[in-house]
Amino acid sequence: MAPRTHRAPLTDRGARWNLVFIWVVIVVGLLAAIGCVGYTLNESLISYSACGVRTVACGDAGWYSSMGLTFFGGFAVVITAGGLGIRRRHRTSGLWYPLAGLGGVLLLTAVAVVLLKSLTST
């Protein structure tokens, strides 16, 4: 079996550009998290206005679980992934962590909306 080859770390200039790109993706991720919280809030208001028209009562579990998942989970994913990316800025893999965090925010928002719709039956 051949020995594993290790990639050389980035130069200082390459690491600096990698760090700039990481911060750009972190800022985009935070803005996406804010947008996702707004989207989930909008879906919550639509669901609860539909609940007000029906005679069946809707509980608050959909509101609390979806907003908590999107708000706290979304920001936690972006900040954690950004921190991991900053720690690995001297490697070419450093940028993948904030990109994964951005995908995590979108995935958490989708899960929150599905959870909201299922708990409020709208």
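Scope of this entry: the structure provided in the associated data block.

Rules used throughout
- Residues numbered from 1 in each chain as written.
- Predicted model: local features only at pLDDT ≥ 70, side-chain atom pairs only at ≥ 80, totals over all residues.
- Heavy atoms only, no water.
- Helix = DSSP H or I, 4+ residues; strand = E, 2+ residues; numbered from the N terminus.
- Axes fitted to C-alpha atoms, helices over the stretch in contact; angles between N-to-C directions.
- Parallel < 35°, antiparallel > 145°, perpendicular 65-115°, else oblique.
- Phe/Tyr/Trp six-rings, centres within 6.5 Å; stacked < 30°, edge-to-face > 60°.
- Buried < 20%, exposed > 50% of the residue type's maximum accessible area, 1.4 Å probe, protein only.
- Salt bridge = Lys/Arg side-chain N within 4 Å of Asp/Glu carboxyl O.

1. Looking at the environment of F71
Part 1 of the argument: Structurally, F71 is set in helix α2 (residues 61-87).
Part 2 of the argument: Separated by 41 residues in the primary sequence, F71 and A112 have C-alpha atoms spaced 9.9 Å apart.

2. Description of the packing of helix α1 (residues 12-53) against helix α3 (residues 96-120)
Part 1 of the argument: α3 packs onto α1 with a crossing angle of 5 degrees between their chain directions and a minimal axis gap of 9 Å. Considered as vectors, α1 and α3 are oriented roughly parallel to each other.

3. Remarks on the packing of aromatic side chains
When we look at a pair of aromatic rings, we describe it by the centre distance and by the angle of the planes.
Part 1 of the argument: If you walk through the whole model with that rule in mind, you get three aromatic pairs.
Part 2 of the argument: Judged by centre distance (6.0 Å) and plane angle (35 degrees), the ring pair of W17 and F21 falls under tilted. Of this pair, W17 and F21 both sit in helix α1, four residues apart, which is roughly one turn of the helix.
Part 3 of the argument: For W17, a relative accessible area of 48% corresponds to the partly exposed category.
Part 4 of the argument: One aromatic cluster is present, built from ring pairs that chain together F71, F72 and F75.

4. With respect to the pattern of salt bridges
Part 1 of the argument: Applying the stated rule across the entire model yields one salt bridge.
Part 2 of the argument: A salt bridge links E43 to K117; the nearest nitrogen and oxygen atoms lie 2.9 Å apart. A residue pair is termed long-range when its members are at least 10 positions apart, and E43 in helix α1 and K117 in helix α3 qualify at 74 residues.

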